[in-house]
Structure formats: structure tokens, C-alpha cells
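# Fold and contact review
Residues per chain, in single letters:
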Amino acid sequence: MPVDRAALVDTLARLHTAYVENDAELMEINPLVVTRGGKLVALDCKFVMDDSAIPRHEELAKLGSPEKLTALEARAKELGLKFIELDGDVGVLANGAGLTMTSMDAVRHYGGKPANFLEIGGESYTKAKPALELVLANPRVKALLVNFCGAFARTDVMAEGVVNAWQELKPDIPIVFTIHGTGEEEAIAMVKERLGIEPYDLMDDAVRAAVAAAKGASQ
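Reading the values: the criteria
- Think of each chain on its own: its residues are numbered from 1, step by step along the sequence as written.
- The predicted nature of this model means local features are confined to residues of pLDDT at least 70 and side-chain atom pairs, given and counted, to a pLDDT of 80 or more, with totals for whole chains, interfaces and linings taken over all residues.
- Only hydrogens and water are set aside; all other atoms, that is, all heavy atoms of the structure, feed into the side-chain values.
- Helix and strand definitions follow DSSP, with helices as H or I runs of at least four residues and strands as E runs of at least two, each counted in order from the N terminus.
- Axis definition: a line fitted to C-alpha atoms, limited for helices to the stretch in contact. Angles are taken between N-to-C directions and run from 0 to 180 degrees.
- When an angle is under 35 degrees it counts as roughly parallel; over 145 it counts as roughly antiparallel; between 65 and 115 it counts as roughly perpendicular; any other value is oblique.
- For any pair of crossing helices, the crossing counts as left-handed if the nearer helix is rotated counterclockwise from the farther one by less than a right angle, and right-handed if it is rotated clockwise.
- Here a residue-residue contact requires only that any non-hydrogen atoms of the pair lie within 4.5 Å.
- Residues were grouped as follows: Ala, Val, Leu, Ile, Met, Phe, Trp, Tyr, Cys and Pro as nonpolar; Asp, Glu, Lys and Arg as charged; and all remaining residues, including Gly, as polar.

Note that the residue after N30, namely P31, is joined by a cis bond; omega there is 5°. With respect to the secondary-structure elements, P31 resides in the loop between strand 1 (24-29) and strand 2 (32-34). Positioned with a positive phi, D23 is a non-glycine residue whose angle comes to about 50°. Residue position: D23 is located in the loop between helix 1 (5-21) and strand 1. With a phi close to 55°, K170 is a non-glycine residue in the positive phi region. The residue K170 is located in the loop between helix 6 (155-169) and strand 9 (175-181) in this model.

As C-alpha cells, then:
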């Protein structure tokens, strides 16, 4: 059945308008079908709104989300932290979504399984203690990987938040650091002095150590 080009253009235009007007991160129609009569019908759709736009769209926020959150994910949402609980045993703390995903991929690459996605970049670095509490609340976590890479954000500020939280909570699992970027000399010195831990120069070495520590704790 040939597609009505005018109808297709109209559908795409409406999709774009909805995307812009609702501050969407994602607006997707799948599947979009053509009926025997040649009409276009959106059978299903997915809409994800930018969290920072919630104050502008309170009526949409009130509708809630169809996502089924774990107890820890629900707590993270209340705290304003981007956290996804996984089934691994290596906890991950990193700044920025890209670096966090890279850290998780590296854990997998070296034979481990990440226990979570949790980025504490941006203003989230001020929430180091609740972020650490989220990770530690998962009983599967046997080791923690901290991977900071600073450009505009200072790694010493982020590291200080984690070090303070670590000393206050006193977890009994191994923690591994790798730190690069703005403020790295101060951050590395702080971790050495206050925690007695030598951060790894290479991310690969840090990930290997975290994976090994988690496996060792599980034996």
C-alpha cells in the first residue's frame, strides 16, 4: 500500500512540534502503520521528558511514569540522582553519563558485572553521601569503582565529597579510584592522605582491580 506523502509529512511535523513543545528527550512512534485504506496510524509511542523541564510541565509530571522502579531507584529519583540498579557486584561512581557508561563497559570487558549506573557529575557531586548510600544499600555490591575525569568540574571537589562520605559511612568493602583532569593532583593527594589509597593512573588497571576485589570478596 503506497504511503500518502502529505499524511506522512503532517505526522512528522506533528511529532516534531510535540517534541519541542513538551521539552522531550525522546519522542518516538513505533510502530507507525499504513492501513489498507492508506491512512497512517500511530499504534504505540514513547515519550521521555527532560527532567529539568518538569516545572514547566507539571500536568505531564503528574501523570507519572510507566517505568517500574526498584526501591533504590525510587529513592534515587526522590534525591534527584540518575541511578539504575543492575545485578552485578561492582559498584560504579563516575561523573557524567558517558564516563559512567564507559566505566560499566570496562567492568564487563574485564570479566566483572556492574551493580549500578550512577553518575554524580554536575551538581550531583554535592550528593556524594546519599549516592554512596544508594550503592552500598545493594547487598550484592562487593567492591566500588570511582572514576572521575574533570574538565570544567574539579576532580578534587568531587573526590572530597566521596572521601567525606566514605569516612562517615565506613563501608567494609574495597574501593578503587582513578582520577584525571582538573584538580587531579589535589584529589589524588587527598585520597592518599585521608584514605590511605593509591589511585590508579590507568582506568583499565583500576577496573581490573575492582573486578578482582569483587571476585575475591565473593569467594
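So, on to the packing of helix 5 (residues 128-136) against helix 6. Close contact between helix 5 and helix 6 brings their axes to 8 Å; oriented N to C, the two are set at 55°. By the angle between their directions, the pair helix 5 and helix 6 is classed as oblique. Two packed elements cross with a definite hand, and for helix 5 against helix 6 that hand is right-handed. For the pair helix 5 and helix 6, the contacting residues are A128, K129, L132, E133 and L136 in the first and G161, V162, A165, W166, E168 and L169 in the second. Residue classes in the contact of helix 5 with helix 6 are distributed as seven nonpolar, one polar and three charged.

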